[in-house]
Structures are given as C-alpha cells and as structure tokens.
Amino acid sequence: MQDQVERLRQRKISAAAFHSGLTEQQRDKVIQGLHLQSLKLLYVAPERIQHEGFLRLVRKCLVSLLVVDEAHCISQWGHDFRPDYMKLGRLRQELNHPPCLALTATATTRVQTDICERLALRDPLPVVTGFRRTNLALSVRLCASLAEKLTELDRLVARCDQGTIIIYGATRRTVEEVAGWLGQSHPSVGYYHAGLSDDERRLVHDEFRLGQVRILVATNAFGMGIDKADVRLVVHVDIPGSVEAYYQEAGRAGRDGLLAACVLLFHERDLSTQEYFIQQAAKDPGSSDRASRMRTLLNEMLAYVSVRTCRQLAILDYFSDADEWAMGPCGLCDRCVAAVRQEPAAAPQEEAVAKAVLQTVAWCEDRKSTRLNSSHITISYAVFCLK
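(A) Representation of the overall build of the protein chain in the model. Each helix and strand counted, the protein chain has 15 helices and eleven strands in total. Intrachain contacts of the protein chain at a sequence separation of at least 6 include 78% that bridge at least 24 residues. Surface exposure of the protein chain reaches about 19600 Å², of which carbon and sulfur atoms provide 52%.

In structure tokens form, the structure reads like this:
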C-alpha cells in the first residue's frame, strides 16, 4: 500500500495509507486529512474494519467509491481467501452503499459470482480483459528428488543473467533452506515470509524493489501489490494449492512486456505439504467445507501439471476465456516447444496441414479428459475515494 501511496503523491494526488505501522504523528495527520476533506484516496487493509474507532471515522466521510483490490480474497473459492475480506460487504452498508469496484487478475466464473454476492452488487458490469500472457514461457519440470530440484534451480538462476528473480516455496523452512543454498553460489539472495518481523519484511521488500536483492525466495506472503517490471524468472519449488495461486504468482514475471520464464519444479512428494494444509482446514469448525474446496482446487492444479498440450491454453480454458483460447497455442511453453522440436525440418505443405489437424484433434481430446474446472478470486486491500 505504501508503495502505491508514494507513487500517487509523486503525481500530486492526495493519498494516504492507514495501518498499524504508522507512528502516532502519522496517524493523526491521516485523520486530520479526513476531517478536512483534503485526502482523496485512503488505502486500508480489510482487517482494519474490526476497529470500531476506524468505522466511526469513515462514517463521517462522504465515500464516493469503494475499491476492493485483489478481490479474489473475498471468495472461499479464491486462492488467498481471508475472512476479513468477507466483512467488506458490511463496510459497504456502513458507508451507505457507495459504488463499488472489485479488481483481480485471477477470477474464475465461480469466484466472480461469489465476489458479487459477498459485496451485494446489483446488476454488476463484468469487465474481463483476457488472461493470456503472450510473453510468459510456462513450463513444468519433473524432478525425482530435492537434490535434483536444487540442481535444476541452480541451472535456471545461472542462465538468467538479466533482471530479477522470484522463487516461491510453500513453507518458511523451505524458503530459508533454498535461500541459504543459493546464497552459497549466487550473490544478492534474500528471503521473505510471514515469520519475519515487520521491520525485517520491510527491509527485504525495499532491497528487492531497489535492486539490492536480485534473487528473492519467498512464501505467498510476498506477492499482492508487488509491481516490479523487470522480473525475468519466477520459479515454484513447491506446487501451489490452485491454478489461480500459480498464475497470480507466475504473473509477476515480465510486467515490462519482455519475455520471461515461469517454471514449476514438481515432485509427487510435494503434495504432502498441500495435504497438510487441507487437513488443518478440515479441523476448523467454522468452515466445514473449506477442506473440500481446497482439495478440488489442488486436483485442478494437478491437472495443469499433467496436461499434454499448450499450458497457456489449459489456463485459458480454466478461466473460461474462450476468445483468447480461440487464438491458439502460445508457442512458448514447454509443450509447444517440444512439439516444434519434433517437426520435420522441411515438411511438405500437405503434411504440415495434416499434422496441424491431428494436433488439433489431440488437443480437443485432451481437453475433454483433462479439462480444468473454473473458479477463483482474491482481495488484499480497500481504497476509499473521498470527496
């Protein structure tokens, strides 16, 4: 949030963030800006809604627009579901139902529906700009052991000599071990997870943003709101819990429009970590069906791992993006590249056409057998536009 506030201020737009990291003086300055109506944009985390004092403060303001960013978090089908996001519907009521804008980069049809219901949106206008990322080379590497994973990771990092690198792990322990191992042979390696103190996380984030840390190993605690243009490589050393989570994190690569690689290193034993998360969810009496949803999402992720045709098309199919899907294979993923390598050096035109037809039939058959189901959405903070 603070990064975005600073960018807005550079453009002479009056903005502020209200969070626990503020000093008392900074907090008083934000409150004064609200009272004087000199503040136009206020960023807050959904958890702030729990504080009655904050609700009394915003009730006095004329809120012209409520913006929910990372809106997939509001849905229990979302890959980063957070209960406090579900309270944003109540907040909208408290503010006399201002117009609402919900934004997310990864929302399946079921997640879009869930978001609209949770926010009590009437006649919402859906705007979908497409899920295809034409500059991302997606691939999955099957590894027989942790040692093979580390060897492959070292090779990937060594080959990526431009820009920055993000490596995602499922647990804090994995993140620290991978960072320590990479640090032995590569300079400028840092790690980030929720177990670090606020000051430690802020320092690592700033160092990565400024380019002082080139290789960052992190859990999914590092991600939403991160907008670094020069990420050339994103590697997952553990399988994520859903296709949405994977595409959200992989999508942090290549935001400058240049070619970037997104690699998932997969071993069947990795599933034990996700199984543990599912078992923990099953113990929560307040969300009896959460574990079932998580298992469905994990099975859809496994379908993506094993898909035999273009990975970009598989993701577009998952998000029900028929228009982009109709544009055909990406030509960059491991499946597309492997198919090209199998092409004869100079096939006659008739043979090339016949082969294209057979590939299309194979894709349609594969789509039937490994079809990825749709559904997902996430939220990370709310923005208040004030008059």
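(B) Representation of the packing of helix α6 (residues 146-159) against helix α7 (residues 172-183) within the structure. Close contact between α6 and α7 brings their axes to 11 Å; oriented N to C, the two are set at 55 degrees. Considered as vectors, α6 and α7 are oriented oblique to each other. In this structure, the crossing between α6 and α7 has a hand that is right-handed. Contacts between α6 and α7 involve L150, T151, L153, D154 and V157 from the former and V178, W181 and L182 from the latter. The residue makeup of the contact of α6 with α7, split by class, is six nonpolar, one polar and one charged.

(C) Geometry of unusual backbone geometry. Of note in this structure, E70 is not a glycine but carries a positive phi near 50 degrees. The exposure class of E70 is buried, given its relative accessible area of 9%. A positive phi angle, close to 45 degrees, is found at D123, a residue other than glycine. By secondary structure assignment, the location of D123 is in the loop between α5 (109-118) and β5 (136-142).

(D) Quick peek at the environment of F208. Along the chain, the position of F208 falls in helix α8 (residues 198-209). In sequence terms F208 and K228 are 20 residues apart; their C-alpha atoms lie 9.0 Å from each other.

(E) Region of interest: helix α12 (residues 311-318). Along α12, eight of the eight residues are buried, which leaves the element largely enclosed by surrounding structure. Turning to α12, its buried residues are R311, Q312, L313, A314, I315, L316, D317 and Y318.

(F) Layout of the nonpolar core. Ranked by size, the top nonpolar core spans 45 residues in total, and within it L138, F222, Y246, M301 and Y304 carry the most contacts. The element that contributes the greatest number of residues to this core is helix α11 (residues 290-306), accounting for seven residues. If near-sequence neighbours (up to four positions away) are discounted, M301 is found in contact with I239, P240, S242, V243, Y246 and L264. Judged by nonpolar contacts, the second largest core, of 30 residues, contains A16, L22, V63 and V111.

(G) Quick peek at the confidence of the model for the protein chain. Chain-level statistics for the protein chain give a pLDDT mean of 84 and a share of 86% at 70 or above. When mean pLDDT is taken per element in the protein chain, strand β10 (residues 260-266) scores highest with 97 and strand β11 (residues 381-386) scores lowest with 38. Confidence over residues 345-358 falls short of pLDDT 50; this stretch has four contacts with residues more than four positions distant or in other chains. Taken together, the stretch residues 360-365 has pLDDT below 50 and engages in five contacts with residues farther than four places along the chain or on a different chain.

(H) Main features of the packing of aromatic side chains. Considering all chains together, one arrives at eight aromatic pairs under this definition. Seen from their ring centres, Y247 and F319 are 6.1 Å apart, and the 35 degrees between their planes marks the pair as tilted. Here F319 lies in the loop between α12 and α13 (322-325) and Y247 lies in helix α9 (residues 243-250), a separation of 72 residues in the sequence. For the residue pair Y247 and F319, the accessibility class agrees, reading buried in each case. Clustering of aromatic rings is evident, with ring pairs tying together F131, Y247, Y318 and F319. In this arrangement the basic side chain of K228 is found over the ring face of F208, its NZ or CZ atom lying 5.6 Å from the centre. Over the ring of Y304 we find R311, and its NZ or CZ is 5.4 Å from the ring centre.

What counts, and at which threshold
- The numbering scheme is per chain: residues are counted from 1 as the chain's sequence reads.
- Thresholds applied to this predicted model are a pLDDT of at least 70 for local features of residues and 80 or more for the giving and counting of side-chain atom pairs; totals over whole chains, interfaces and linings are not thresholded and use all residues.
- Computation of side-chain values covers all heavy atoms of the structure but excludes hydrogens and water.
- Going along the chain from the N terminus, every DSSP run of H or I of four or more residues is numbered as a helix, and every run of E of two or more is numbered as a strand.
- By definition, residues are in contact when any of their heavy atoms lie within 4.5 Å.
- To be clear on the numbers: accessible area is Shrake-Rupley with a 1.4 Å probe, and residue cover counts the displayed protein chains and nothing else.
- Note on method: axes are straight lines fitted to C-alpha atoms, helices fitted across the in-contact stretch only, with angles between N-to-C directions ranging 0 to 180 degrees.
- Note that the term roughly parallel is reserved for angles under 35 degrees, roughly antiparallel for angles over 145, roughly perpendicular for angles of 65 to 115, and oblique for everything else.
- Left-handed describes a crossing in which the near helix is turned anticlockwise from the far one by less than a right angle; the clockwise case is right-handed.
- Under the convention adopted here, Pro, Cys and the residues Ala, Val, Leu, Ile, Met, Phe, Trp and Tyr are nonpolar, Asp, Glu, Lys and Arg are charged, and Gly plus all remaining residues are polar.
- Under the scheme applied here, a residue whose accessible area is under 20% of the maximum for its type counts as buried, over 50% as exposed, and between as partly exposed, the area being computed with a 1.4 Å probe on protein chains only.
- Nonpolar cores are built from buried Ala, Val, Leu, Ile, Met, Phe, Trp, Tyr and Cys residues. Side-chain atoms within 4.5 Å join them into one set.
- In predicted models, pLDDT denotes the confidence assigned by the predictor to each residue on a 0 to 100 scale.
- The rule is short: rings of Phe, Tyr and Trp, with Trp giving its six-membered ring, pair when the centres are within 6.5 Å, and they are stacked under 30 degrees, edge-to-face over 60, tilted in between.
- For a Lys NZ or an Arg CZ to count as sitting over a ring, it must be within 6 Å of the ring centre and within 35 degrees of the ring normal.

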